[in-house]
2 protein chains.
Amino acid sequence: MPKISHKGQQMPESPIRKLVPYADIAKKKGHKVYHLNIGQPDIKTPEVAMNSIKNLDIKVLEYSHSAGFESYRTKLSQYYKTHGLPVDVADIIITTGGSEALLFAMGTTMDQGDEIIIPEPFYANYNGFSTASGVKVVPVISTIDTGFALPPIADFEKLITPKTKAILICNPGNPTGYLYSKDEMEQLAALVKKHDLFLIADEVYREFTYDGDPHYSVMNLPGLEQHAIMIDSVSKRYSMCGARIGCIVSKNKEVMAAAMKFAQARLSPPTFAQIASEAALDTPQSYFNEVISEYRDRRDTLIAELQKIDGVKVATPKGAFYCIAQLPIDNADNFAQWLLESYDLNQETVMVAPAAGFYSTPNVGLNEVRIAYVLKKEDLIRSVQILKAALETYNKK
Amino acid sequence: MPKISHKGQQMPESPIRKLVPYADIAKKKGHKVYHLNIGQPDIKTPEVAMNSIKNLDIKVLEYSHSAGFESYRTKLSQYYKTHGLPVDVADIIITTGGSEALLFAMGTTMDQGDEIIIPEPFYANYNGFSTASGVKVVPVISTIDTGFALPPIADFEKLITPKTKAILICNPGNPTGYLYSKDEMEQLAALVKKHDLFLIADEVYREFTYDGDPHYSVMNLPGLEQHAIMIDSVSKRYSMCGARIGCIVSKNKEVMAAAMKFAQARLSPPTFAQIASEAALDTPQSYFNEVISEYRDRRDTLIAELQKIDGVKVATPKGAFYCIAQLPIDNADNFAQWLLESYDLNQETVMVAPAAGFYSTPNVGLNEVRIAYVLKKEDLIRSVQILKAALETYNKK
């Protein structure tokens, strides 16, 4: 029997997937499970996007241009400009989700054995894309005590080797909800210029900020044009996770020419979803106002409720729709499993994502969980009640 | 300025893309260009697939399961069984096109520096996926003189090294149209068993065979269950190239477990297109009868017309919708460019794909072109008239 590749063996499993069989156990018992573990919003997709598909009148579902429909790229460039980002049509390649944009960014900038520095905790799939690309993730720790602010630049510099090719940030952050300040972005810019690295910024949560603090895009850093690569997606902005439409954006012509060759090899991004994504650009501002207001409300509720629990520490997220909470337990993996397998409060329980899966350094964040506030306010309140009661029972065991 | 990766530099350009600027020149002159160069069929997508999208009533466009909707996988397994392929639901992961299935197959079976043997001429994007995966393509030449039949097994064996992990075939073949016989498939099966290799079969043109010869799937080779990986796609079967839905199929549990981790990292295949692809499974047999009859007619017309030209040699394709034609010229790259840039017959010209781009060995197939018969019969006839007149003019130069 032929052996699979080392890469195939090393591909990481999602930190959430491990819990799915236990969620199934809870559901088989008839328990209601509140899913605090996932990033699938319950927010409605804009009607203008869904209607564009319902009203479609094409006879042949053809390939699009490998860089995506030109009409979509043109309109997307206008969207960015309206939002203060100097992005031209030529700076955009439409991808199959932010996922493919990350794969293109890694493939374009890094070879087997090269290193990418990522502040942790970070979006767990960065590990998967790195393994698939043969790239080594070098984590730099950010902590709950600073609210997951940018680690000191000196911490990055200690980790830079001749193999280091890029720094990757998620801004606002999944799983931290942290929003990098202008000063932090400028520090990063100076660092990548000094060491001639790429700065890859995953900005898929750009529009989700709650305290009036502006979002500083990697595309707005003066003099960083040749270093900056932006990753974007329609998944969260328009609650269109299933579209699988994103883009890679850069002013660096070599990067874009290479990314285009990756894009040509896979022919084109999905046609239906591009049509819907283009239409989504006409979503009225009132939709976003409502959505942001809803998320802000949920965040405020979630954080207030969590802070009422003895021994829980939480970093108030400034953006995205996640927070990291430190719990008065030793091991969140065991606790999360126990919540599903052995616990219920009146036949209800919660599913949380153990945060260790978002750290690359072993044995860090063991007592932390990621909570996504993609549920209605009353469900969040109920979820935290369950969590509180569960912690009491768990710690009496 | 930071440097892009070696991989990014080495990514091959599509052999057709190089000609696009020259096609633009022809179009700017007002010349009509017959596109014999592309694999985008003009056949209508089944209405049942398009209607499934028009009638869609969902509020949130959510992620699907990373392996694809279970309902789709279940129905697809039934489709395969109806067509004599023993494929269970657990053997299927839905991918973003056959492209992603190929990437998953390579990532799952091969590491940086490993080798894959591919009979050439082959689908040019195999080069791109190999480069992206850090895999070395080792070509084994098939020739127009045998109609691009399977090269002798001894030719494969000469190329096998400790780095060889897989053999990749396309059946029926793009760009050759060749359909492997049962005997050839059994020879390949014995070879991969002897050397403990994977046999990856790209069968996206499975349904397009014209002479009553049966298609032998890699999934039908007894005792090859642990070696066989099938690549499939809805692109050609239902003229749904823009859907970007395919799948990777294998009975090898290790392969599927590793492929699943690649699938989880990119979250899910596109939702709209999965819904349309599932609906497409209800396409009536009458649709396929018409389509196959149309392609057979086109093939017969194209081959008959080409054979009337002095000095043209053509291998009659048994399947898919391409053929390789040898022309009485030295260099098809130059000829194809000249056709667009400098030639017209009453303001009309043709675009062909130079076949050298489908060979990995340098300086092979220089006088060959790939012709796709995805145009209406009368357009094919006119195209060959233009080609004939063009060859006369070109050879008088």
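Preceding this section is the structure that the text describes.
Given the structure is predicted, the values throughout are model-derived calculations rather than measurements. (Residues numbered from 1 in each chain as written. Chains lettered and ligands numbered in written order. Predicted model: local features only at pLDDT ≥ 70, side-chain atom pairs only at ≥ 80, totals over all residues. Heavy atoms only, no water.)

**A look at the interface of chain B and chain A**
And then number 1: Each partner contributes residues to the interface: chain B has 76 residues there, and chain A has 76 residues.
And then number 2: Along the contact surface separating chain B from chain A lie zero salt bridges.
And then number 3: Put simply, chain B and chain A have 33 residue pairs in polar contact (both at pLDDT 80 or more) between them.
And then number 4: Of all the elements in the fold, those that place two or more residues in the side of chain B that touches chain A are α1 (6–10), α3 (47–54), α5 (97–109), α6 (125–133), α9 (253–265) and α10 (271–280) of chain B.
And then number 5: The leading source of residues in the side of chain B that touches chain A is α9(B), at seven residues.
And then number 6: Looking at side-chain class alone, the side of chain B that touches chain A contains 33 nonpolar, 26 polar and 17 charged residues. (Contact = heavy atoms within 4.5 Å. Salt bridge = Lys/Arg side-chain N within 4 Å of Asp/Glu carboxyl O. Polar contact = N/O pair within 3.5 Å; in protein donor to acceptor, adjacent residues only side chain to side chain. Helix = DSSP H or I, 4+ residues; strand = E, 2+ residues; numbered from the N terminus. Nonpolar A, V, L, I, M, F, W, Y, C, P; charged D, E, K, R; others polar.)

**Focus: the sheet that holds strand β7 (residues 228–233) of chain B**
Residue and element names in this part refer to chain B.
And then number 1: In spatial order, the strands read β2-β8-β7-β6-β5-β3-β4; together these seven strands make up an open sheet with mixed pairing. Because the sheet does not close on itself, it has two edges, and the strands there are β2 (92–95) and β4 (136–141). With direction set aside, neighbouring strand axes in the sheet form an average angle of 25°.
And then number 2: Taken together, the four bridges between strand β6 (residues 198–202) and β7 define a ladder with parallel strand orientation. The residue of β7 that forms the bridge with A201 is M230.
And then number 3: In the packing of helix α8 (residues 182–195) onto the sheet, contacts are made with β5 (164–170) and β6, and the angle to β5 comes to roughly 170°. (Pairing = 2+ DSSP bridges. Axes fitted to C-alpha atoms, helices over the stretch in contact; angles between N-to-C directions.)

**Notes on the relation of the copies chain B and chain A**
And then number 1: When chain B is fitted to chain A, the best match, at an RMSD of 0.0 Å, comes from turning it 180° and sliding it 0.0 Å along the axis. Those values place the two copies in the arrangement expected of a two-fold rotation axis. In terms of proximity to the rotation axis, the leading residue of chain B is B:K54, whose C-alpha is 2.0 Å off the axis.
And then number 2: In this assembly the copies share their binding face: 100% of the residues contributing to the interface of chain B also contribute to that of chain A. (Least-squares fit on C-alpha atoms with pLDDT ≥ 70 in both.)

**A few points about the side chain of B:N125**
Residues and elements named next belong to chain B.
And then number 1: Take N125: it is sitting in helix α6.
And then number 2: Residue classification places N125 among the buried residues on the basis of a relative accessible area of 10%.
And then number 3: Reaching out from N125, the side chain makes a polar contact with the side chain of Y123 at a distance of 2.9 Å. (Buried < 20%, exposed > 50% of the residue type's maximum accessible area, 1.4 Å probe, protein only.)

**A closer look at unusual backbone geometry**
And then number 1: A cis amide bond links A:N174 with the next residue in sequence, A:P175, at an omega value of 15°.
And then number 2: Here A:P175 is to be found in the loop between β5 (164–170) and α8 (182–195).
And then number 3: Phi at A:N346 is positive, roughly 50°, even though this residue is not glycine.
And then number 4: Position of A:N346 among the secondary structure elements: in the loop between α12 (332–341) and β11 (348–351).
And then number 5: Of note, B:N363 is a non-glycine position whose phi angle comes to about 60°, a positive value.
And then number 6: Along the polypeptide, B:N363 turns up in the loop between β12 (353–354) and β13 (368–372).

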